[in-house]
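Structural overview for review
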Amino acid sequence: MLPAEVPRPYLGPSALLLLQLLLSPTSAFFPNFWSLLAAPGSITHQDLTEEAALNVTLQLFLEQPPPGRPPLHLEDFLGRTLLADDLFAAYFGSGFPSRRFRAALGEVSRANAAQDFLLTSKNDPDLHFDAERLGQGRARLVTALRETVVAARALDHTLSRQRLGAALHALQDFYSHSNWVELEKEQPHPHLLWPRQELGSLAQEIDHTCSDCEQLSCLGNLLDFRLLTSGYFGTHPPKPPGKCSHGGHFDQSSSQPPRGGINKDSTSPGFSPHHKLHSQAAKLALLASIQAFSLLRSRLGDRGFSRLLDITPASSLSFVLDTTGSMGEEINAAKIQARHIVEQRRGSPMEPVHYVLVPFHDPGFGPVFSTSDPDSFWQQLSEIHALGGGDEPEMCLSALELALLHTPPFSDIFVFTDASPKDAFLTNRVESLTQERHCRVTFLVTEDPSRVQIRARREVLSPLRFEPYEAVALASGGEVIFTKDQHIQDVAAIVGESMADLVTLPLEPPVVVSGRPFTFSVDELLQRITVRIHGEISTFWIINPAGVFQGQEEGEGPLGHTRRFGQFWMVTMNDPLQTGTWEIQVTAEGTPRVRVQAQTSLDFLFHFGIPVEDGPHPGLYPLPQPVAETEHFQHPSYWPCPSVPLRGLQTLLLVEVTGPGSRGNSGDHKPHFSHVVLRGVPEGAELGWVPLEPTGPRERGLLAASLPPTLLSTPGPFSMELIGQDGRGRGLHRAARQPCTVVPVLLELSGPPGFLAPGRKALLSLHITSFLGPQDLDLRTSVNPSFALTSNLSRVRLGRNESAWGRLWLEVPDSASPDSVVLVTVTAVGREANSVPPTHAFLRLLVLAPAPQDKLAASAHSTGPALTTARPAVRLSTLVTPGRAGGGMVGNPWWGTVGGMLLLLSLVSW
């Protein structure tokens, strides 16, 4: 919670930011870009959130010049659209990806929009500054900001972004739902972020605040007084006589005298009776959001703030190491690669932002070592040695799960082992977690399953014992590489290459067959292409579009440099690369493994959702989502679980192209993407293709497509390939980093009304729905760390559009570490043989120690009418695609007015 003695932001000459919004309109500000269908020209929560983040990021870049590069100048950004890609190119240099930053902005924006959709939050007046519960709303706001900071310091940035999104939603709603604008205020409320300061003159229960208004537009309905008030929405709590309503088509309270309302959510009079003040409310909400981001920057420091929003092109370095006695060579190889990465990239934009190390053997695994200091990581890694426990199998997947929980999204994880997993029962859960975290897992296995084992073993092991690794690698977009001890140090060089944030190029056909040629496409935005081939290889050759040929001979060739380590080949192609179609053919015993990777500035993010154009909060509801309050599906609400389509539910695919070549270019040089090809995994059969259409404001660069019903009728994984052309009409071809899965059922896991406290028991709720029945399912639960968890629902049978509800009780021991994170997982598994694949729901909760400020928050919360409401569930997974990731126009007019606005914003300390 924010201390009272912290100075407030003021308008002074300490930091220059030029502000302006692209903005377009929608309820409590409307949630996201899809809302503009209902109220064109409005400013959404998504706009406000991402615009504020980009402005504070620009401020950080202006004040912290990049090492070895010239400083940025504000005038360089005047008069042009402020985009994340442009910021990164200006600060880090061309070619450095902004994908992680834009994904982080998307997490915050979607968590913000979720407040309008979640069953536990959409009707809670405290979370929207409704029903004159202004003191309670401020208490919830500052608590969410406190949780943002605690989670960020605990290095759980997914949870931190979720709490930040919730805080920003409430903060922005204040300016739309209260009469602050009508009181002719031109600056954000000076005390809203400081709970020990008085909010000012608040309207009391006996004060009449609004007069009756029969029209859609009700700008003059506020009574002539100087008290701060806000409107009532719906029937909970009921509107007292003489009080203002929120207003709009779907507000039941607005039909009760005094009729009308005061919200400024959009430019549409049908939704917003004070629509003419929408622009002023959005302006103040933006300034307040910038203040909140700046306070977080001051509280976390520049490094911590950059971690919160992933303001870096660099990945993290995460190792999972088998430490049994036979692993000496592998551990040395990991050390050599880690040392090389640390020394080579120290001080550069690609220096890893985080380091994770998880050892394992049998029967133990862990503990996790997590740090942002490369020297501490190197010291910890240096102390690991291969000791004892030389038999197989080992606790590999348990260690990998632990690494996934502590590794930032969009990272590579490298597993070094020579043993199969003892904990193969975790395969499905780890697969789901890799997709939720968007982490790519590469297994370096120094024991080929076809050769005689040297390791001791307690039992006869199946020749298919490495299949769990193959499944996890496939789900994560990674690979399994078999090698031998004498080659592991050379093969481990792929660690450094993967840390360059390479993309994997799609192959045609996607499944490599010995003796049959296959192709891949090279465009002018690709560089540093590497071809990796491994298996029982006899011969291979590569041909470029001009017909130049290169075989498997080691050394320098006409197309690139070839290195061989046993049955593993690496061909590094020479730059510049000839554009067009390249061909490869491999002859091998069995199925050869081929992967083509490259560096590029052009990539894409995606997520799924359901467009809803009616109701009080029109917008795009990201999937998966729980159903409405009724048993039968009407319009789904929102839940931030992994972005996956749901079986039986019509779904929209949203694609956002990232990179300097994707947006900001004009005329003939702008890339154009026409469609997405869908393929089954792992067989690679084409399931069809769907055309892409631009959606939302042009500056956002969003593309939408409706997924075919045939794809959604059967659960299973599929991959996506983005097809288009560059500005010169030449082909562009990109593949998604990971496959997607159509899940058979919906799982919603909700948290308790508040954060967890040591020594307390927390009640969780489970909601499961099937849209295509029947489904006969077992429900399994787990929690990390191993707290006691019980459930009253272990089996369920569902028909079409049927739901079931359950409760779970989580016991937090007195010994639980304050300011830590707990992960609860629920898995639904079909009871019949060959039934649907498992579905997972993840819930991430924060453990907080009692603080003196909590008493103040509780006191503030107790004022006014008492309400029993649930706080929004804090969930582990969120969607990936940033809705905007590029703000408005720096130095351009505010929605058509002349001139820009120059904000002098100070940085303060908490």
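First, a word on scope: everything that follows refers to the structure included in this document. Just so we're clear, the structure is a prediction, and the values are computed from it rather than from any experiment.

Some remarks on the nonpolar core
Formed by 62 residues in total, the largest nonpolar core has its most connected members in Phe 61, Leu 171, Tyr 175, Phe 293, Phe 305 and Leu 309. Breaking this core down by element, the ones donating at least two residues are helix H1 (45-63), helix H2 (84-92), helix H3 (99-114), helix H4 (134-153), helix H5 (157-177) and helix H6 (278-309). The biggest single contributor to this core is H6, with 16 residues. Among residues more than four places away in sequence, those in contact with Leu 309 are Ala 53, Arg 100, Phe 101, Ala 104, Leu 105, Val 108, Arg 161 and Phe 293. Within the second largest apolar cluster, 30 residues are counted, among which are Leu 764, Leu 777, Ala 828 and Leu 845.

Some remarks on the packing of aromatic side chains
Throughout the structure, instances matching the rule amount to 24 aromatic pairs. A centroid spacing of 6.3 Å and a plane angle of 75° characterise the contact between Phe 319 and Phe 414, whose relative ring orientation is edge-to-face. You can see Phe 319 sitting in strand E3 (residues 317-322) and its partner Phe 414 sitting in strand E7 (residues 412-417), a full 95 residues away along the chain. By the burial criterion, Phe 319 is buried, and Phe 414 matches it. Plain terms: the ring middles of Phe 604 and Phe 606 are 6.4 Å apart, the flat faces sit at 40° to each other, and that makes the pair tilted. For the residue pair Phe 604 and Phe 606, the accessibility class agrees, reading buried in each case.

Some words on the sheet that holds E7
Backbone-to-backbone hydrogen bonds pair the strands of a sheet. The strands run either parallel or antiparallel. The sheet built from six strands is open, its strands ordered E5-E4-E3-E7-E8-E10 with mixed pairing. Only two strands of the sheet have a single partner each, and these edge strands are strand E5 (369-371) and strand E10 (479-482). For this sheet, the mean inter-axis angle between neighbouring strands, taken without regard to orientation, is 15°. Inspection of the sheet shows E7 paired to strand E8 (residues 440-445) by six bridges, in the parallel sense. Each residue of the ladder has a partner; that of Asp 412, found in E8, is Arg 440. Each of E3, strand E4 (355-360) and E5 touches helix H8 (residues 374-382); the most contacted strand, E4, lies at about 15° to it. Helix H11 (residues 467-476) contacts E7, E8 and E10 of the sheet and is inclined by roughly 145° relative to E8.

Parameters and conventions
- Sequence positions are assigned chain by chain, starting from 1 and proceeding in written order.
- Totals for whole chains, interfaces and linings use all residues, but because this is a predicted model, local features are given only for residues with pLDDT of at least 70 and pairs of side-chain atoms are given and counted only at 80 or more.
- Working from all heavy atoms in the structure, the side-chain values ignore hydrogens and water.
- Nonpolar cores are built from buried Ala, Val, Leu, Ile, Met, Phe, Trp, Tyr and Cys residues. Side-chain atoms within 4.5 Å join them into one set.
- Using a 1.4 Å probe on the protein chains alone, a residue whose accessible area is under 20% of its type maximum counts as buried, one over 50% counts as exposed, and one in between counts as partly exposed.
- Only DSSP runs of H or I reaching four residues or more are called helices, and only runs of E reaching two or more are called strands; each is numbered from the N terminus.
- Throughout, a contact is declared for two residues whenever any of their heavy atoms are within 4.5 Å.
- The pairing test for Phe, Tyr and Trp rings, Trp by its six-membered ring, is centres within 6.5 Å, and the orientation test on the planes gives stacked under 30 degrees, edge-to-face over 60, and tilted for anything in between.
- By the convention used here, strands pair only if DSSP detects at least 2 bridges between them.
- To obtain each axis, a line is fitted to C-alpha atoms, and for helices this fit is confined to the stretch in contact; angles are then taken between N-to-C directions over 0 to 180 degrees.

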